[in-house]
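Here are the chains, one letter per residue:
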Amino acid sequence: MDKMNHLINKAEAIRRSIFKIICEGGGGHIPASLSIVEILVALYYEILNVTPQTISDPGRDRFILSKGHACVSLYAVLADLGFFDKSELDTFGRSGTILGGHPDMLKIPGVEASTGALGHGLPFGTGIAMAGKMDNRDFKVFVVMGDGECQEGSVWEAAMFAAAHRLDNLCAIIDHNRLQAMDTLDNIVPISPLADKWRAFGWHIMEADGHNIKELIDLFSTLPFQTGKPSMIIANTIKGKGVSFMENEPIWHYRMPNGQEMRVAYNELGIEPQ
Amino acid sequence: MRNAYIDALYELAGRDCRVLALVADNGAIVYDKFRAAYPGRFINFGIAEANMIGVAAGLASCGKVPFAYTIASFLTMRAFEQIRNDVCMQRMNVKIVGIGAGFVYSNLGATHHATIDMSIMRALPGMTVFSPSGPIEARKITKEAARIDGPVYIRLSVGGSPEIYEAGYEFETGKGVILRDGGDAAIFTTGSITTEVLKAHGELKNMGINARVVNIHTIKPIDKDLIIDSVSKTRAVITVEEHSIIGGLGSAVAEVIAENGIAARFKRIGLNGVFAGGYGTYDDMKERNGLSANAIVRETIDCINKN
Ligand SMILES: Cc1ncc(C[n+]2csc(CCOP(=O)(O)OP(=O)(O)O)c2C)c(N)n1
Ligand SMILES: [Mg+2]
């Protein structure tokens, strides 16, 4: 129970961090970053075997943020765990920083793939999972994708391929917040029934409350869900979680709050005003 | 530029019911007016650029005139084979409109920069390639694209690019524009980096160097006559592009010079085999990647002084 409280507090701290980094850096995808906080906390604090000391270890678990626009969430977690110095967070988006609006694996310790164009993380992660099997290693590969991202054809090409090659060391998590950039998926190109689609492509699907750390950890702990099949968690989430006026509002996808809005958000997230 | 494009598209749609606006989960509010007026002719494909271009080609085969618009890097590269096979190989009347030319999406990083799009679009048989330098030109190019029967690529910067032309500016496809004249050097440029070149021109002038500045708004077909004329008069040629120097404006100008056997000092300014580095603001990016007015001044002087 103590541990769970600790992780819940972590998630809250990460949320505050995300909001401050993006507002001070002058631009970024706030709601998409807030959407995946608990998923990252569950993975990085409980599941992944990677530490700042093992970022080049061939046996480490791999985490790929395919929806790279949510990178600030990942930056906040990596900094908290010591993959790089926390002071780097203050340089986000600025000239000469290592922390841009999408993650760069050549610059940031602990980042496994340079993402930003949607639909690349799953094929890349599939390649890593395949190499793991070839080399008889027992690491796992985790890929977080957006639900809108699943509109890209490349996602389904990888889905079919990973199942064909029985990559049960691969686990994809869909951040199912039902929004994409402009609107809801339902108003643009619906992807439901999401679970049935993935199941039909040969994956084992579980659903979870994507903001419930315990539920996520419990699921991750039982991987693979089925021997010989890639695993998928459909994480039901709220885009913009934690900032009331951003929750489920497409307009906030890439917008910065004004002074008044910022005060409201600071208050809701529990950030001390300076 | 984006607003100029969307306004022009709106006007085109009013006159021609074959004109369609295609997007891929990009450009939310800016299309509101279009969407309200022509709801059946605004199609959002979601995050699926390749499918958007494939469908556009099919629509065009039935006489529609689709303008497919999204972030230039995803549009030209994710959907490249669809552009090549479905649009160009079959000579379909599809307009491909990329937003975010060069590294104007500065801190979003290399995935969001379009710095080889001119090279790859120029290489496609039958493709006309436009690169407007500001809103007025973007507007004229959009109208012109509708008149052309065949594949067109338009490379737009973002909203709020500064204007370099007066309202009466006359645009002609394939004809470069002498923005400033001078005999000491010829600087060819394209797109929104033109404003930086004009600044450099002013600084050079203060130093007693008179450069001709030519805006190449049509990358393909390129204005051979104006290139030959400018090179013959100055014998010192500089190209400036917010793009790779491999395959873009600099290469296109070099091809004309070489094929016409004109001896000249020559320098391409742009990204030399690298992804644009640095993050920060657009101005920070220009500075870091050798495309500030100062860098252009320096390189121009070097080029003039070369033996
Ligand atoms: C290939 C590609 N096309 C378009 C974009 C622009 N873009 C960035 S985020 C986004 C919406 C993503 O929606 P979703 O995958 O549901 O993620 P969410 O923002 O909801 O977390 C779009 C269209 C992109 N980054 N990559
Ligand atoms: Mg989503």
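Since this is a predicted model, take the numbers as computed values, not measurements. (Residues numbered from 1 in each chain as written. Chains lettered and ligands numbered in written order. Predicted model: local features only at pLDDT ≥ 70, side-chain atom pairs only at ≥ 80, totals over all residues. Heavy atoms only, no water.)

## Side note on the sheet that holds strand β8 (residues 185–189) of chain B
Residues and elements named next belong to chain B. With mixed pairing, five strands are arranged side by side in an open sheet as β7-β9-β8-β11-β12. Looking at strand neighbours, the two that pair on one side only are β7 (177–180) and β12 (265–271), the edges of this open sheet. On average, adjacent strands in this sheet sit at an angle of 25 degrees to one another, irrespective of strand direction. Pairing geometry for β8 and strand β9 (residues 211–215), over five bridges, is parallel. Across the sheet, the residue bridging to A185 is A211, located in β9. Against the sheet, helix α10 (residues 249–259) contacts β8, β11 (236–244) and β12, and its axis sits at roughly 145 degrees relative to β11. Of the strands in this sheet, β8, β11 and β12 touch helix α12 (residues 293–305), which is tilted by about 155 degrees from β12. (Pairing = 2+ DSSP bridges. Helix = DSSP H or I, 4+ residues; strand = E, 2+ residues; numbered from the N terminus. Axes fitted to C-alpha atoms, helices over the stretch in contact; angles between N-to-C directions. Contact = heavy atoms within 4.5 Å.)

## Quick notes on the interface of chain A and chain B
Facing 32 residues of chain A, the contacting portion of chain B comprises 25 residues. At the junction of chain A and chain B, the tally comes to one salt bridge. Measuring nitrogen to oxygen at the nearest pair gives 3.6 Å for the salt bridge that ties E152(A) to R78(B). Here chain A and chain B share 12 residue pairs in polar contact (both at pLDDT 80 or more) between them. For the side of chain A that touches chain B, the class distribution of residues is 10 nonpolar, 16 polar and six charged. (Salt bridge = Lys/Arg side-chain N within 4 Å of Asp/Glu carboxyl O. Polar contact = N/O pair within 3.5 Å; in protein donor to acceptor, adjacent residues only side chain to side chain. Nonpolar A, V, L, I, M, F, W, Y, C, P; charged D, E, K, R; others polar.)

## As for the coordination of the magnesium ion (ligand 2)
All names here are of chain A. Coordination of the magnesium ion (ligand 2) by the protein is provided by D147 (OD), N177 (OD1) and L179 (O), with metal-donor distances spanning 2.1 Å. One chain supplies every donor for the magnesium ion (ligand 2), spaced along it as D-x29-N-x1-L. Placement of the pair is D147 in the loop between β2 (141–146) and α6 (153–164) and L179 in the loop between β3 (170–176) and α7 (185–188), with a sequence separation of 32 residues. D147 sits in the buried class, given a relative accessible area of 2%. (Donors = N, O, S within 2.8 Å, 3.2 Å for Na, K, Ca; no water. Buried < 20%, exposed > 50% of the residue type's maximum accessible area, 1.4 Å probe, protein only.)

Any link to function would need more than the numbers given here.
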